[in-house]
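# Structural overview for review
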Amino acid sequence: MFIEDLKNDFYNLLLGNRVLLLVHYDVDAVCTCKILQDLFRCDNISYTLVPVGGIADLKTAYEENNEEIKYVVLVNCGGTIDLVDILQPEEDVVFFVLDAHKPTDVCNVYSDGQVRLVYKDEEEDIPNFDDIFRDDEDENEEEVGEGREGLEALVERRRERKAWEEKRNTLMFNYTQFSYYGKPSACVALDVSWRLSRAGVAAAWCCGVALEAAAALHQRSPPRVLLDAAALHAMLAARPADPHGPSVILEKDMCLPLYRVWSLESALRHAPDVGPHLRLHTVAGASRLRQLLVDMGVPLQQARQAWRAMDAEVRGGAREALAAAGARLQLAGAAPRVAPLLTRPHAPPLAALDLVFCLLETLNRAEGFQHALAALETDSGDNESRRLGWTAARRSLEAVVRLVNNTLSARTLHRAGPFNYFIVQEGTPEAAIVCGPLWLGVAARWAAAAAGAVRGRGGAQPLVASAGRSDGAALLLGVPPRSQHEPRNLFGAAFEQAATKSGVSISLDYFDSSVVFLPTSQRAQFLDALTALLA
């Protein structure tokens, strides 16, 4: 069931109770967790925080921490699965679900109150209850009368049953065939904080970082991101920036991750929205980058210096110069966009986009969840978690670019009917970095954009990427075409159908259905079945 009143039907019920907080390993979930933690501390709500990576982790975490727990809050996990069926909770346990993964499982939607969904996206086209559930499951066919009339009634009942099942199967297929992301959970948490009159700088900053993650990772279309950010814009407009403390402002900024702690040339080379369109894997790629810098009016010596060491005049005009040069070279990603910045006294501004890649790197490690929470602090200086995250994120972006450039230049990006795919070779330096879904997803989106740039407009295709793991399993994930207006992913349902047809045993443990694990020895067989299915 969906909650109507966030304050009274959600947060106020947690007051005075111990809460189990289960949080997924992603940027939006960490930002949401940070907002909820601050609220819980204000109201002395005791809680147990457990990060979870998949369905098996979720089940284990619940079984180990459910003693004397009446309320469970799940962040970006649990919404797409039947929670009651999988966790088998006691009848008095209530689950509050903030999950941006869509579509939501219909059993959670029509729960009698044990599962309560904190937010409903308008874009969710949920089937009606009567179209997918029936009350005559246990009807006894012997109850019909005898003779010809009873037989006709029995035949009619079976015909109606079959027609209903066919309609239900069609509705459920249409509802579940695409996976996608809804409104970031941090936006919902900010709304809760606002209704409680506790929405401060920390909550606004976390929401801004989550919105930047949705835009940078292409989880939401640009119009959707703008709509999602409406509450944040309204809050910041109502509260002017504090010159004596940290403040969140909205300002046009370049879509170049980490350029403030890097050089301009390196940031352009490794920016996911710019780098693929420079076609750096080709012989002419380096000259395109130099031509971009020439059009910007930035000397190469300046571009290769640390950003803070550049000439102040060149640095101040870089944003407008990049926008103008990008327009001439038809680089759509070079256009600046309004983005959240954290301003602090006696410290340079902190960009939400930089923090997104910092968190991607931090969450790529099993012990990184607490460091990710620390990186979100709005203190006056750059803390150790942020510095280490930025340094490691630069290395990871460099590895992604090397991987994609080597894949494209060696022509190991294969065409398989309606989609492309590439496999990360085991033993390469890049394999250790992209062995998880976060950075492999960055590499897959980069490769899809670069391949589309080579073919020109309209050439973007969906892409499947795979990387091996040390335990003999292979990670496989699919991304929709970059040119697609609404980033809805068909690979979740396609993976499941291909596994059924091929007999390959895949693990559907991840909360995003477009990410699966399978034995490395069966990967070729699975890809053949997927190609035949989508052809």
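Definitions and cut-offs
- Residues numbered from 1 in each chain as written.
- Predicted model: local features only at pLDDT ≥ 70, side-chain atom pairs only at ≥ 80, totals over all residues.
- Heavy atoms only, no water.
- Phe/Tyr/Trp six-rings, centres within 6.5 Å; stacked < 30°, edge-to-face > 60°.
- Helix = DSSP H or I, 4+ residues; strand = E, 2+ residues; numbered from the N terminus.
- Pairing = 2+ DSSP bridges.
- Salt bridge = Lys/Arg side-chain N within 4 Å of Asp/Glu carboxyl O.
- Buried < 20%, exposed > 50% of the residue type's maximum accessible area, 1.4 Å probe, protein only.

## Quick notes on the packing of aromatic side chains
Tallied over the entire structure, the rule returns 14 aromatic pairs. The interplanar angle of 80° and the centroid separation of 6.1 Å between the aromatic rings of Tyr110 and Phe133 together place this pair among those described as edge-to-face. On the criterion of sequence distance, the pair formed by Tyr110 in the loop between α5 (106-109) and β6 (115-117) and Phe133 in the loop between α6 (129-132) and α7 (147-176) is long-range, its members being 23 residues apart. Three or more aromatic residues joined by ring pairs form one cluster here, namely Phe419, Phe491, Phe495 and Phe526.

## Focus: the pairing of strand β9 (residues 337-344)
Note that strand β8 (residues 247-253) and β9 share seven bridges and pair antiparallel. Note that in β9 the partner of Leu250 across the bridge is Pro340. Examined bridge by bridge, β9 and strand β10 (residues 347-351) share three bridges and lie antiparallel to one another. Bridging across to β10, Leu341 finds its partner in Ala351. In this antiparallel pair of consecutive strands, β9 and β10, the connection spans two residues, and His346 shows a positive phi of 60°.

## Let's talk about the pattern of salt bridges
Considering all chains together, one arrives at 20 salt bridges under this definition. The shortest N-O distance in the salt bridge between Asp131 and Lys167 comes to 3.5 Å. Here Lys167 lies in helix α7 and Asp131 lies in helix α6, a separation of 36 residues in the sequence. For the salt bridge of Arg319 with Glu320, the shortest nitrogen-to-oxygen distance reads 2.8 Å. Given the relative accessible area of 26%, Arg319 is considered partly exposed. Given the relative accessible area of 42%, Glu320 is considered partly exposed.

## Some thoughts on the pairing of strand β15 (residues 515-519)
Among the five residues in β15, four count as buried, and that is most of the element. In this structure, strand β14 (residues 473-479) lies alongside β15, joined through five bridges in antiparallel fashion. For Ala473, the partnering residue across the bridge sits in β15 and is Pro519.

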